[in-house]
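# Close look at the chain arrangement
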Amino acid sequence: MNAAVHSDRDEKLRTMEAIARRALPHWNVEGARLDLLKYRENAVFKVTAGADRFALRVHRPGYHTNDALHSELQWMEALAASGFDVPRVRPTMTGDLFGIVQADGVPAPVQVDLFEWIEGRQLGSVEAGLAGQNASIAELYRTLGTIAADLHNRAQHWQPPRGFVRHAWDEHGLAGEEPFWGRFWDLPRLTPDRRRLLTTARDRVFRDLAALSKSPETYSMIHADFCQENLLVDGDRVRLIDFDDSGFGWHLFELVTPLYFLMDEPYFDEVREAVISGYRSRRALPDAELERLPLFLLARGLTYVGWVHTRPETETAREMTPQLVDWSCNLAEEYLRAR
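One structure accompanies this document, and this report is about it.

Rules and cut-offs
Residues numbered from 1 in each chain as written. Predicted model: local features only at pLDDT ≥ 70, side-chain atom pairs only at ≥ 80, totals over all residues. Heavy atoms only, no water. Buried < 20%, exposed > 50% of the residue type's maximum accessible area, 1.4 Å probe, protein only. Helix = DSSP H or I, 4+ residues; strand = E, 2+ residues; numbered from the N terminus. Pairing = 2+ DSSP bridges. Salt bridge = Lys/Arg side-chain N within 4 Å of Asp/Glu carboxyl O.

### A look at the pairing of strand β3 (residues 52–58)
- Summarising burial for β3: 5 of the 7 residues are buried, a large majority.
- When strand β2 (residues 43–49) meets β3, the two strands line up antiparallel, connected through 7 bridges. Bridge pairing links alanine 49 to aspartate 52 in β3.
- Two successive antiparallel strands, β2 and β3, enclose a turn made up of 2 residues, where glycine 50 displays a positive phi of approximately 65°.
- Pairing analysis gives 5 bridges linking β3 to strand β5 (residues 110–116), with the strands arranged antiparallel. Directly across from valine 58, in β5, lies its bridge partner valine 112.

Structural data, given as structure tokens:
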């Protein structure tokens, strides 16, 4: 990373921390220590105020409308009320689910929310892969399957409240003219041949997704970012965090997400079967549905190319763009050849 990139990132982090400090009075938190936990889509800080600890999230400006963010937090509250293990939202002093902060050097108001602190360490990260684990990988991924099934069981029978607004990971959100994470086929680093390949794959993915059912048994609210860093492990307990990308989508799209970055690992088949086994222990998953996994792996891969295209300033984009392009092109070739 060169000096200019370092300087730009450091400046953005200083701005994010200033916003976080300006937001704390919304929760009557004063004299707190802030430690950066994560900076990618949003900036997440650990807040330590005496004996109290919280996780504070400073949102990327313009990513979600206020109504969409309010809906995300409503869904998290509904999941918590049903007994699903999620971070607890901490309302502001006025009872709002998030605060709005205006900061110097930021043209638009910024959304900030606060959660009760939960213990645990990340299962891993997109860049570094799986962290060291005490339990076997298969055991952990079987647990992930049960968590996904429990989430979908609740989502299938949940009635969103009036005014609920979230995006959709449907055929349009994944492979339409304006995919939710960006027009992946416009990535400048694509060669002409690879751009043609991904454009052809996009058309096929759109048609194949559009032909699928969106019944509650297969399509509902999903987390949509079931990757290693959004799973906290604390002993035998695994908890799902960060619902920032949650929206309406197919359940199979959920299941391929924790598998995607393990495709080149020698234990891929083992964790795939573990996820499926865990899911089936709590929820039906017919073999006919599983035949569509290649479609959803390809769709998932295309979203990641779109993500790095629209966020080139991130460490993930700088480190992983060539690999993400290779994976997506390989999946596209396999999928098109098989059909």
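### Focus on the pairing of strand β11 (residues 231–234)
- Alignment of strand β6 (residues 121–122) against β11, held across 2 bridges, turns out to be antiparallel. Across the sheet, residue glutamine 122 finds its bridge partner in β11, namely leucine 232.
- The pairing of β11 with strand β12 (residues 237–240) spans 4 bridges and is classified as antiparallel. When the sheet's bridge partners are listed, leucine 231 is paired in β12 with leucine 240.

### A closer look at the pattern of salt bridges
- What the rule picks out here adds up to 27 salt bridges.
- When the shortest N-O distance is used, the salt bridge between arginine 53 and glutamate 119 registers 2.7 Å. Here the residue arginine 53 occupies a position in strand β3, and glutamate 119 occupies one in the loop between β5 and β6, the gap between them amounting to 66 residues.
- The class for arginine 53 is partly exposed, based on a relative accessible area of 33%.
- In this structure glutamate 119 comes out as partly exposed when scored by relative accessible area, which is 38%.
- Across the salt bridge formed by glutamate 177 and arginine 183, the nearest N and O atoms sit 4.0 Å from each other.
- Owing to a relative accessible area of 27%, arginine 183 belongs among the partly exposed residues under this scheme.
- Through salt bridges with shared partners, one network takes in Lys38, Arg40, Arg57, Glu72, Asp113, Arg166, Glu229, Asp242 and Asp244.

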